[in-house]
Amino acid sequence: MENNRIIREADHLCKPSVAGTELQHCISNAKKRAREDDNYLPMSKIYRDEFQKLYNQGLDFVTEIPKFSSVKSSLNDCRKRAHGLHRDPATASELVFPE
């Protein structure tokens with residue numbers, strides 16, 4: 001748009017990926033649960049609860065569903081950030097000792 005006028009109009013030819021959309025939805029839900037879970041459920045339980053839906057729908061034949069080992073770190077990172085926990089120090093100089 002330019003000066004509130006349509007300059008060019010084109011047809012949208014992309015076909016929606018139902019499997020991809022469902023996968024992104026499950027990943028988003030799992031991260032949200034990891035952030036909001038105050039009971040500190042195991043990440044493997046959150047993964048099973050969210051991703052089992054994809055297997056039940058047979059979407060594992062249509063798209064690649066990430067294994068738990070692939071999403072575990074990102075779920076843990078979401079939980080740590082949400083609860084104000086910091087990552088482990090990478091070097092000895094990053095260690096902080098109480099006085």
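To start, this report covers the structure provided alongside it. Note that the structure is a prediction, hence the values are computed from the model and not measured.

On to the packing of helix H1 (residues 18-36) against helix H3 (residues 68-82). Running from amino to carboxyl end, H1 crosses H3 at an angle of 40 degrees, the nearest separation of the two axes being 7 Å. Note that H1 runs across H3; the crossing there is right-handed. Contact residues: H1 offers Ala30, Lys31, Ala34 and Arg35, while H3 offers Ser74, Leu75, Cys78, Arg79 and Ala82.

Here the focus is unusual backbone geometry. If you check the backbone angles, Tyr40 has positive phi at about 50 degrees while not being a glycine. One can find Tyr40 in the loop between H1 and helix H2 (43-56). On the basis of relative accessibility, which here comes to 44%, the residue Tyr40 falls in the partly exposed class.

This part takes up the packing of H1 against H2. In contact at an axis separation of 9 Å, H1 and H2 are set at 155 degrees when each is read in the N-to-C sense. In terms of orientation, H1 lies roughly antiparallel with respect to H2. Every pair of crossing elements has a handedness; the one defined by H1 and H2 is right-handed. Residue-level inspection shows Glu22, Leu23, Cys26, Ile27, Asn29, Ala30, Arg33 and Ala34 of H1 in contact with H2, the latter providing Met43, Ile46, Asp49, Glu50, Phe51 and Leu54. Its residues assigned to classes, the contact of H1 with H2 comprises nine nonpolar, one polar and four charged.

About the criteria used
- Residues numbered from 1 in each chain as written.
- Predicted model: local features only at pLDDT ≥ 70, side-chain atom pairs only at ≥ 80, totals over all residues.
- Heavy atoms only, no water.
- Axes fitted to C-alpha atoms, helices over the stretch in contact; angles between N-to-C directions.
- Helix = DSSP H or I, 4+ residues; strand = E, 2+ residues; numbered from the N terminus.
- Left-handed = near helix turned anticlockwise from the far one by under 90°.
- Contact = heavy atoms within 4.5 Å.
- Buried < 20%, exposed > 50% of the residue type's maximum accessible area, 1.4 Å probe, protein only.
- Parallel < 35°, antiparallel > 145°, perpendicular 65-115°, else oblique.
- Nonpolar A, V, L, I, M, F, W, Y, C, P; charged D, E, K, R; others polar.

All we've got here are geometric facts, nothing functional implied.
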